[in-house]
Amino acid sequence: MTTPALLPLSGRRLPPLNLGASAFPHHRATLRLSEKFILLLILSAFITLCFGAFFFLPDSSKHKRFDLGLEDVLIPHVDTSKGGKNLGGFLIHGQGHDEHRHREEEERLRNKIRADHEKALEEAKEKLKKSRDEIQAEIQTEKNKVVQELKKKDSKPLPPVPLPNLIGINSGEPADPDIRERRNKIKEMMKHAWDNYRQYGWGHNELKPIARKGHSTNIFGSSQMGATIVDALDTLYIMGLHDEFREGQEWIDKNLDFSVNSEVSVFEVNIRFIGGLLAAYYLSGQEVFKIKAVQLAGKLLPAFNTPTGIPWAMVNLKSGVGRNWGWASAGSSILAEFGTLHMEFVHLSYLTGDPVYYNKVMHIRKLLQKMDRPNGLYPNYLNPRTGRWGQHHTSVGGLGDSFYEYLLKAWLMSDKTDMEARKMYDDAIEAIEKHLIRKSNGGLTFIGEWKNGHLERKMGHLTCFAGGMFALGADGSRDDKAGHYLQLGAEIAHTCHESYDRTTLKLGPEAFKFDGGVEAVAVRQNEKYYILRPEVIETYWYMWRFTHDPKYRQWGWEAAQAIDKYCRVSGGFSGVKDVYSSSPTYDDVQQSFFLAETLKYLYLLFSNDDLLPLDNWVFNTEAHPLPVLHLANTTLSGNPAYR
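Residues numbered from 1 in each chain as written. Predicted model: local features only at pLDDT ≥ 70, side-chain atom pairs only at ≥ 80, totals over all residues. Heavy atoms only, no water.

### Structural notes on the UniProt feature "active site" (unreviewed entry) in the chain
Within this numbering scheme, the UniProt entry marks Glu268, Asp401, Glu510 and Glu535 as carrying the feature "active site" (unreviewed entry). From the list above, the largest pocket is lined by Glu268, Asp401, Glu510 and Glu535. Within the element layout of this structure, aspartate 401 appears in helix 12 (residues 401-413). Take aspartate 401: its relative accessible area is 13%, and that puts it in the buried class. Excluding its chain neighbours within four sequence positions, the residues that come into contact with aspartate 401 are Ala336, Ser395, Val396, Leu462 and Phe465. Inspection of the secondary structure puts glutamate 535 in helix 16 (residues 535-547). (UniProt positions renumbered as here; feature names shortened; annotations may be inferred. 1 Å grid on protein atoms, 1.4 Å probe; cavity = no way out; pocket = protein on both sides within 12 Å on 5 of 7 lines; lining within 4 Å. Helix = DSSP H or I, 4+ residues; strand = E, 2+ residues; numbered from the N terminus. Buried < 20%, exposed > 50% of the residue type's maximum accessible area, 1.4 Å probe, protein only. Contact = heavy atoms within 4.5 Å.)

Pasting the structure below:
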């Protein structure tokens, strides 16, 4: 920490002496006697000047008196019989008595100032007897005190809230020794990723495992916010890596600071930080995570200060100034970003008793319900100033994906009581199936993208999450179509597995086409990379939970082996730039979501269903588990925001 420009001396500050190294070549840590003498002379002259100036001030009895914390000049009174004049209910004392009192006050003030100046001079002398190191240590101590006071101020106790019934937060140990061995392998991969981040990137947002140093992107702003630590906490906990969990908790308690001048992505910070902190709180019961989540949420609220209430994509954590991405359809907000806040914000209102978070996300929902939707589809862009759609581009992959996921999960998280969310989900899925879902010539079911009136026959890796979503939403679907949607999920899982299986590395590309003879294969060079993404494995896990078909565990194991073989380096795990190349190059980034999602879903895939059962937990889009809020077990029903 840098030394401040001013040294505190008894509440006053003096600029430090600017002495070059040549001034004290043999005694760098201490001030020489002659320098001390010069400084004392300066101090004495300054104090004498201030003290002398007081005596040359005009006689304050002849001017309006300034307040020095003494008795008020105006004294309420109604009796005019004692030599005073009553003006508007206040007594003004006679002139002689007034002058005498002022002289006494001035004498008392002179004595007080003289004593204060003598005390200051003595303190200055004492300070100058100390070495620079001692003075700097005192400065650091004072700064630490200020920081601790600010922390206490920010850490106001939150209202006690009964925790939902938390079931299955550990164990899940499989009886089958082969499955247990695979699960242990995933745990070892997690430890390799964490240990290297701990050694080479600690406190940074992410890790460059080949360069062995910290890494960050603009979604986290310019500050070291420890994104990997926050994102990985719940994975560490459910894997039983409790020493590593405590390391992360200690860093968060001491170092995670949101009062930084840094512009961050509202969406990314919500799903990774708030989601991660809330999950860590529910799993461990440690209050620090809840407190930090609420502090951060308060920093995101200014992003909603738009004419429509649709939040900006980016917000400065210190100033609260928001803006949108320049590339997003003439300054529009993005559907997947402003539509992926509901789960975390409902839990924030539940834990704080403050409906502001709930109201923000419900306002977004109400606005979307009023808007026309072309072909029943939600375009990816919405202008937060005008409330109008941007260009008509609809995707279940990037820019749209988690909006649909959160409609379903809002219903699940409410213990299936939020029927409004379920209706919006069902309507959206019906439109998606009608306009976006097709079968290729080779019989592969895929989800295309709607762009300006025509279907682009391309599917992104991000879109592969939808197989799991269809399976998760099958129960409770309209017209008794549960079997249909479970089958649709299985078909998407198969297509996405093919996108992996048709590569050299057995890892899926970022996007793949279904044009002519090309099926489930990337065509463009800039779509051939794999950056440790989780979506395909996420769908395998959901399909395993709902069908227990062993092929999903086998497919997951194939992916885990490929990641360990081609993405593992001595300093962690890295993405690769071309999954069709037998000698791939690395992108040298260990994404925080690799620890939060990819490894967590693999671990759950090889665990029993009693670990985080889906009747009790709902996973946010960053794979952070949040408990179902059964109304009978919560105070939600008593909160006017939820009526």
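### Structural notes on the state of the cysteines
A disulfide bridge is the covalent bond that connects two cysteines by way of their sulfur atoms. Applying the stated criterion to the full structure yields one disulfide. Between cysteine 464 and cysteine 496 runs a disulfide, and the two sulfur atoms are separated by 2.0 Å. Between cysteine 464 and cysteine 496 the sulfur-sulfur dihedral comes to about -95°; the bridge is accordingly left-handed. With cysteine 464 in the loop between strand 18 (458-460) and helix 14 (466-472) and cysteine 496 in helix 15 (residues 482-501), this residue pair connects regions lying 32 residues apart in the sequence. Residue cysteine 496 is classed as buried on the basis of its relative accessible area, which comes to 1%. (Disulfide = S-S within 2.5 Å.)

### A look at the environment of aspartate 354
Structurally, aspartate 354 can be placed in the loop between helix 10 (342-352) and helix 11 (356-370). For aspartate 354, a relative accessible area of 34% corresponds to the partly exposed category. When the C-alpha atoms of aspartate 354 and proline 159 are compared, they prove to be 9.9 Å apart, with 195 residues separating the residues in sequence. Engagement of the side chain of aspartate 354 in a polar contact is seen with the backbone nitrogen of valine 356, the distance being 3.0 Å. (Polar contact = N/O pair within 3.5 Å; in protein donor to acceptor, adjacent residues only side chain to side chain.)

### Regarding the layout of surface pockets
In this structure, the largest pocket encloses a volume near 1200 Å³. What lines the largest pocket is a set of 47 residues, among which Gly398, Leu399, Leu462, Glu510 and Arg533 lie closest to the centre. Only helix 7 (266-284), helix 9 (335-338), helix 12, strand 16 (449-451), strand 18, helix 16 and helix 18 (592-605) provide two or more residues apiece to the lining of the largest pocket. Across the lining of the largest pocket, the residue classes tally to 17 nonpolar, 13 polar and 17 charged. (Points joined across faces, edges and corners; volume = space filled by probe spheres on them. Nonpolar A, V, L, I, M, F, W, Y, C, P; charged D, E, K, R; others polar.)

### Here's the deal with the sheet that holds strand 8 (residues 263-265)
The antiparallel open sheet is built from three strands, whose spatial order is 8-9-10. The sheet is open, and its two borders are formed by strand 8 and strand 10 (322-323), each paired with just one other strand. When strand 8 meets strand 9 (residues 314-316), the two strands line up antiparallel, connected through three bridges. For serine 265, the partnering residue across the bridge sits in strand 9 and is methionine 314. Each of strand 8 and strand 9 touches helix 7; the most contacted strand, strand 8, lies at about 70° to it. (Pairing = 2+ DSSP bridges. Axes fitted to C-alpha atoms, helices over the stretch in contact; angles between N-to-C directions.)

### Regarding the packing of helix 8 (residues 287-300) against helix 10
The geometry of helix 8 relative to helix 10 is characterised by a closest axis approach of 11 Å and an angle of 115° between their N-to-C directions. In this structure, helix 8 meets helix 10 at a crossing whose hand is left-handed. Along the contact surface, helix 8 presents Lys290, Ala293, Val294 and Ala297, while helix 10 presents Leu348, Leu351 and Thr352. In terms of residue class, the contact of helix 8 with helix 10 is built from five nonpolar, one polar and one charged. (Left-handed = near helix turned anticlockwise from the far one by under 90°.)

### Quick notes on the pattern of salt bridges
Two side chains carrying opposite charge are able to pair once their charged atoms lie near each other. Here the structure, examined in full by the defined rule, presents 36 salt bridges. With its nearest N and O atoms 3.6 Å apart, the salt bridge here joins arginine 180 to glutamate 173. Overall, arginine 180 belongs to the partly exposed group, its relative accessible area being 27%. Among the ionic pairs, arginine 545 bridges to aspartate 609, the shortest N-O distance being 3.3 Å. Of this pair, arginine 545 sits in helix 16 while aspartate 609 sits in the loop between helix 18 and strand 23 (617-619); the two residues are 64 residues apart in sequence, bridging distant segments of the chain. Through salt bridges with shared partners, a single network forms among Arg422, Lys423, Asp426, Asp427, Glu430 and Arg478. (Salt bridge = Lys/Arg side-chain N within 4 Å of Asp/Glu carboxyl O.)

### Re the nonpolar core
In this structure, Ile186, Phe470 and Ile563 are the most contacted members of the largest nonpolar core, which totals 163 residues. With 12 residues, the top contributor of residues to this core is helix 7. Beyond its immediate sequence surroundings of up to four residues, phenylalanine 470 is in contact with Tyr425, Ile429, Ile437, Ile447, Tyr485, Leu488, Gly489 and Ile492. (Core = buried A, V, L, I, M, F, W, Y, C linked by side-chain atoms within 4.5 Å.)

### Describing the sheet that holds strand 13 (residues 393-394)
On the basis of which strands lie adjacent, the open sheet formed by three strands has the order 13-16-17 and antiparallel pairing. Two strands in the sheet have a free side with no partner beyond their single neighbour: strand 13 and strand 17 (454-456). For strand 13 and strand 16, the ladder comprises two bridges, and the chain directions are antiparallel. Looking at the pairing, histidine 393 lines up with lysine 451 of strand 16.

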